[in-house]
Number of protein chains: 2
Amino acid sequence: MVSPLLLRHFLTRSRQFFAGKEIVSRDYGGLFRYDYGRFYERTARLANVLAGLGVGPGDRVGTLAWNNHRHLELYFAVPCSGAVLHTLNIRLFRDQLVYVINHAADRVIFVDEDLLPVLEDVAGELKTVEHFVVMTDRKECPATRLAPVHLYEDLLAGAAPDYAFPEDMEENSAAAMCYTTATTGDPKGVVYSHRGLYLHSLAFLMADTIGLSERDCMLPVVPMFHANAWGLPFSAALAGSRQVFPGSRPTPADLAGLIETEKVTVAAGVPTVWMGLLELLEREEHDLSSLRVVVCGGSAAPRALLEAYDRRGITIVHAYGMTETSPLATVSRPVSRMDDWPADRRYQVRAKQGWLVPGLEMRVVDDQGREAPRDGRAMGELWLKGPWVADGYYRDPERSRETFADGWLHTSDIVTVDTDGFIAIVDRSKDLIKSGGEWISSVDLENCIMSHPAVAEAAVIAVPHPKWVERPLACVVLKAAYRDQVDEAALLEFLAGKVIRWWLPDRVVFLDEIPKTSVGKFSKKRLRELLERGEI
Amino acid sequence: MVSPLLLRHFLTRSRQFFAGKEIVSRDYGGLFRYDYGRFYERTARLANVLAGLGVGPGDRVGTLAWNNHRHLELYFAVPCSGAVLHTLNIRLFRDQLVYVINHAADRVIFVDEDLLPVLEDVAGELKTVEHFVVMTDRKECPATRLAPVHLYEDLLAGAAPDYAFPEDMEENSAAAMCYTTATTGDPKGVVYSHRGLYLHSLAFLMADTIGLSERDCMLPVVPMFHANAWGLPFSAALAGSRQVFPGSRPTPADLAGLIETEKVTVAAGVPTVWMGLLELLEREEHDLSSLRVVVCGGSAAPRALLEAYDRRGITIVHAYGMTETSPLATVSRPVSRMDDWPADRRYQVRAKQGWLVPGLEMRVVDDQGREAPRDGRAMGELWLKGPWVADGYYRDPERSRETFADGWLHTSDIVTVDTDGFIAIVDRSKDLIKSGGEWISSVDLENCIMSHPAVAEAAVIAVPHPKWVERPLACVVLKAAYRDQVDEAALLEFLAGKVIRWWLPDRVVFLDEIPKTSVGKFSKKRLRELLERGEI
């Protein structure tokens with residue numbers, strides 16, 4: 001019972017049982033289709049290519065790519081041959097990108113054709129990269145300043161189609177890594193082991209989480225450079241699900257089209273994706289009835305979003321996790337004892353982050369280091385541990401010590417826990433608004449504002465206050481149809497019955513959009529900068 | 001990502017999230033009900049009891065017990081405190097029982113009140129046992145020759161209710177063990193590690209296997225002394241399922257009653273259990289509509305059984321495994337591409353042993369050591385490996401070498417594999433009938449005979465033949481209503497159109513019952529002995 005837990009198993013299993021099952025990839029020229037059998041062969045070729053480029057065990061291989069089939073091939077060829085997949089976040093600022101490539105010491109970088117300019121811009125500062133490989137459908141390499149440069153398809157065509165993926169690797173060896181941006185300082189690297197990704201993949205297959213199945217068709221909208229697309233390409237290969245990759249810069253119309261034509265059953269992405277799709281659905285007819293579940297995570301899904309999708313017969317399941325947790329940590333599916341609860345109370349549950357996935361352990365710890373009572377009101381910081389929770393940051397002992405103490409990951413997420421054990425994130429510890437000795441949850445306020453029918457997006461930040469220390473400021477984006485139709489007074493009146501009086505924002509500003517982080521979350525850091533410069 | 005995979009997680013998780021969820025146990029005096037919260041407290045007390053009896057890390061603790069809540073407490077208290085749970089098969093022959101207790105060197109044995117005579121009979125020959133603990137609802141210990149003897153409930157009442165289950169055990173440490181009878185020689189011990197049982201438990205939670213869920217109510221009919229009741233009490237605790245234990249010697253009427261009153265959704269047991277229940281259902285009305293799935297394993301489920309339950313709206317899922325595989329290895333659920341197949345073809349699939357559970361690997365190897373083609377016809381021996389497959393037999397290097405070679409478990413099961421990767425067991429290698437250089441599958445013949453409406457049970461064995469080497473003999477039990485109504489000629493005529501001519505049994509004998517093994521399977525060994533003695 002000591003067989004190592006390696007990603008290789010997913011690869012060989014998918015070839016053995018699902019060779020004819022389809023993988024669809026939205027490519028520059030349209031939809032590319034193949035199956036797990038051909039996927040296996042190309043992945044074996046790619047492993048030979050890596051060996052030919054001098055990539056050895058433990059070497060880091062960078063990818064700067066969208067969600068497509070070539071990226072999927074890298075997801076397996078790199079770790080299963082013993083190297084480490086380093087997915088580069090295409091939305092990092094220039095200096096961050098230079099930092100993470102040099103810090104990880106990537107030896108080769110695979111880049112999607114339309115992301116070439118991003119890489120060319122930093123290439124002169126990269127200290128360890130020996131080869132660039134361009135992924136494109138074209139027969140000729142696009143003009144580029146990168147050197148030495150190769151064409152992905154040429155390399156595959158020239159490689160042998162057989163490769164003996166090692167069976168005897170240490171299961172704790174690194175399989176992949178991903179950097180997460182920090183509030184201050186450089187991005188922090190999280191390393192995923194084969195064992196961690198293997199066990200995390202099992203978690204998605206459980207009936208009480210997402211229950212990913214051979215019967216599913218899975219569409220990862222969450223980028224493959226964001227915590228391994230939440231591990232879904234791995235889980236789907238293990239389950240034998242059909243996979244549909246949305247490619248470069250998918251619009252809501254692209255997503256609706258893919259779901260409709262490919263009969264997607266499970267889709268996963270951040271709330272802003274589903275908000276965007278909802279706006280489209282309010283204007284156009286699309287048959288999305290194949291969807292069994294939409295996994296929504298990365299930041300809190302407002303209850304109004306769950307309700308809006310329910311009205312269209314689509315179930316959103318709220319999940320929570322972080323780069324440091326592979327990422328799946330909680331899923332908010334009502335448990336059996338809630339079946340008789342009224343709809344309103346069930347929505348309250350579904351809007352929470354939910355229930356700890358089997359395998360992980362948690363603590364909720366208050367300012368004084370005590371376990372917070374499970375009453376749904378007391379706030380504390382969420383601590384996590386378990387077989388797919390990281391133990392530290394890559395080559396960063398100081399920040400590792402801060403975040404990983406006593407064997408627990410200190411998430412910086414302030415949560416409540418109810419009597420059923422469901423957690424609700426109240427705020428990031430740095431986003432809490434400390435008003436007159438009490439805490440105001442920026443997240444709760446945002447959800448309340450976004451339940452107004454005219455509001456598309458809302459973000460609440462703290463502004464310094466001479467008497468109360470901090471007071472809330474609401475930044476609001478109205479839906480196109482309501483632009484200039486709703487003012488501050490109307491919004492405050494809407495909120496008045498819904499939140500405690502002293503939670504009411506001191507000011508509401510209307511923006512054209514809320515600035516987003518590189519992974520599509522509201523960027524409160526950017527809002528604070530705008531505020532400091534007097535621009536909002 | 002190196003947190004050890006320990007059964008402790010199941011225990012603490014069930015307390016944290018399912019403290020109020022019910023566990024029901026059919027006791028001598030009726031139904032005993034409590035919840036995971038009280039279960040945790042009693043399990044902690046039991047861990048203190050074990051320490052008080054001098055049980056240390058790695059020590060073996062024997063149980064001679066039915067499926068009940070006390071046995072469940074032992075399932076967790078023993079391994080989670082660092083000792084090894086040794087479930088004794090109550091149906092072993094006397095000498096085998098002496099052998100396994102001495103071979104495992106059990107230090108304490110926990111015994112159910114009504115199994116006292118079994119233990120008293122062998123007590124004089126036990127070399128390592130220092131304490132006996134009697135499990136009963138009575139306040140006084142029943143008269144017994146066992147010494148020193150304790151009452152379970154007294155020990156628990158006197159123990160502290162808190163216990164710090166260790167978090168830092170090695171995940172490969174032994175958690176449980178179970179002996180499997182051998183065709184020749186003494187029983188062979190299989191040791192389960194925490195890691196193995198943990199990963200095996202996850203397998204039952206996957207949507208494509210059984211999908212055990214917090215919403216389920218699980219009834220293990222398979223004995224808790226038989227491969228840990230297929231690991232279901234562990235899986236159910238992890239999932240947070242309600243659990244119902246059927247207690248001592250449950251009859252079909254007891255099972256029907258429990259399913260009906262407790263609204264059981266998942267039940268698990270060997271085919272003979274479901275055949276017995278079916279006979280009852282043919283005579284009496286019972287509402288078993290709560291059943292979502294009946295897991296049937298241990299020996300092959302005849303297609304006729306699947307069809308009979310389907311007609312009653314109950315889905316039997318055929319599963320396969322062995323003591324050496326924890327046991328779950330395959331599950332026979334049709335995959336999505338079979339959805340459009342005609343009913344007949346789908347039944348053919350469901351009657352197979354099925355599809356390899358995610359996590360395991362297999363080979364099917366013919367006489368010449370070559371991989372058998374996946375054409376649904378070529379036969380070969382099934383080899384298995386994976387994180388919940390044993391690596392050897394306990395302190396038995398010689399037989400370990402025979403069965404575990406090249407890192408694979410050689411199952412001795414002769415199977416075919418079809419193009420979808422579904423395996424079908426054709427026979428045990430020793431039960432195959434070698435007739436004139438060709439193989440006849442005793443299992444296929446039995447299934448065919450059991451599809452006759454008058455037949456309750458059928459077992460086919462080889463008889464020596466001067467010309468053909470071996471020829472089949474059919475041993476048949478008729479249903480009560482058909483006794484003496486069907487003769488050999490009628491049965492052979494029924495078979496004539498269904499099997500190849502040279503597969504037709506040379507002789508059919510009618511018996512009152514087929515002798516069973518200690519785990520309820522047809523005992524062909526016993527039939528061969530009867531044949532040798534001229535008694536059939």
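In short, a report on the structure.

## Notes on the pairing of strand β18 (residues 380-385) of chain B
Residues and elements named next belong to chain B.
Then comes step 1: For β18, a buried count of six out of six residues is recorded, marking the element as mostly surrounded by other parts of the structure.
Then comes step 2: Bridge count for strand β17 (residues 361-365) against β18 is five bridges, and the pairing is antiparallel. Its bridge partner lying in β18, Val-365 is registered against Glu-381.
Then comes step 3: As paired elements, β18 and strand β20 (residues 408-417) share four bridges and run antiparallel to each other.

## Quick notes on the nonpolar core
Then comes step 1: Ranked by size, the top nonpolar core spans 205 residues in total, and within it Phe-76, Phe-110 and Trp-230 of chain A together with Phe-76, Phe-110, Leu-199 and Trp-230 of chain B carry the most contacts.
Then comes step 2: Excluding residues that lie within four positions of it along the chain, Trp-230 of chain A makes contacts with His-200, Phe-204, Val-222, Ala-268, Gly-269, Val-270, Val-295, Cys-296, Gly-297, Gly-298, Ser-326 and Pro-327 of chain A.

## Looking at the interface of chain B and chain A
Then comes step 1: Taken together, the 58 residues of chain B in the interface contact 58 residues of chain A.
Then comes step 2: Taken together, the two surfaces of chain B and chain A that pack against each other cover about 4400 Å², and 48% of this comes from carbon and sulfur.
Then comes step 3: When the area that chain B buries against chain A is broken down by residue, the three leading residues are Met-1, Phe-17 and Arg-215 of chain B, summing to 19%.
Then comes step 4: One can count eight salt bridges joining chain B with chain A.
Then comes step 5: Here Glu-171 of chain B and Arg-195 of chain A are joined by a salt bridge, their closest N and O atoms 2.7 Å apart.
Then comes step 6: Scanning the region where chain B abuts chain A turns up 26 residue pairs in polar contact (both at pLDDT 80 or more).
Then comes step 7: Elements that contribute at least two residues to the side of chain B that touches chain A include exactly α1 (8-18), β9 (188-193), α7 (194-205), α9 (232-239), β16 (355-356) and β17 of chain B.
Then comes step 8: In the side of chain B that touches chain A, the residues fall into 29 nonpolar, 13 polar and 16 charged.

## Describing the sheet that holds strand β14 (residues 316-321) of chain A
In a beta sheet, neighbouring strands pair by backbone hydrogen bonds and run either parallel or antiparallel.
All names here are of chain A.
Then comes step 1: Strand order in the open sheet made by the nine strands is β2-β1-β11-β10-β12-β13-β14-β15-β16, with mixed pairing throughout. Edge positions in the sheet fall to β2 (30-35) and β16 (355-356), since each has one partner strand and no second.
Then comes step 2: Direction of pairing for β14 relative to strand β15 (residues 328-332): antiparallel, over a ladder of four bridges. The partner of Tyr-320 across the bridge, within β15, is Thr-330.

Cut-off values and rules
- Residues numbered from 1 in each chain as written.
- Chains lettered and ligands numbered in written order.
- Predicted model: local features only at pLDDT ≥ 70, side-chain atom pairs only at ≥ 80, totals over all residues.
- Heavy atoms only, no water.
- Buried < 20%, exposed > 50% of the residue type's maximum accessible area, 1.4 Å probe, protein only.
- Helix = DSSP H or I, 4+ residues; strand = E, 2+ residues; numbered from the N terminus.
- Pairing = 2+ DSSP bridges.
- Core = buried A, V, L, I, M, F, W, Y, C linked by side-chain atoms within 4.5 Å.
- Contact = heavy atoms within 4.5 Å.
- Buried area = accessible area lost by both parts, 1.4 Å probe.
- Salt bridge = Lys/Arg side-chain N within 4 Å of Asp/Glu carboxyl O.
- Polar contact = N/O pair within 3.5 Å; in protein donor to acceptor, adjacent residues only side chain to side chain.
- Nonpolar A, V, L, I, M, F, W, Y, C, P; charged D, E, K, R; others polar.

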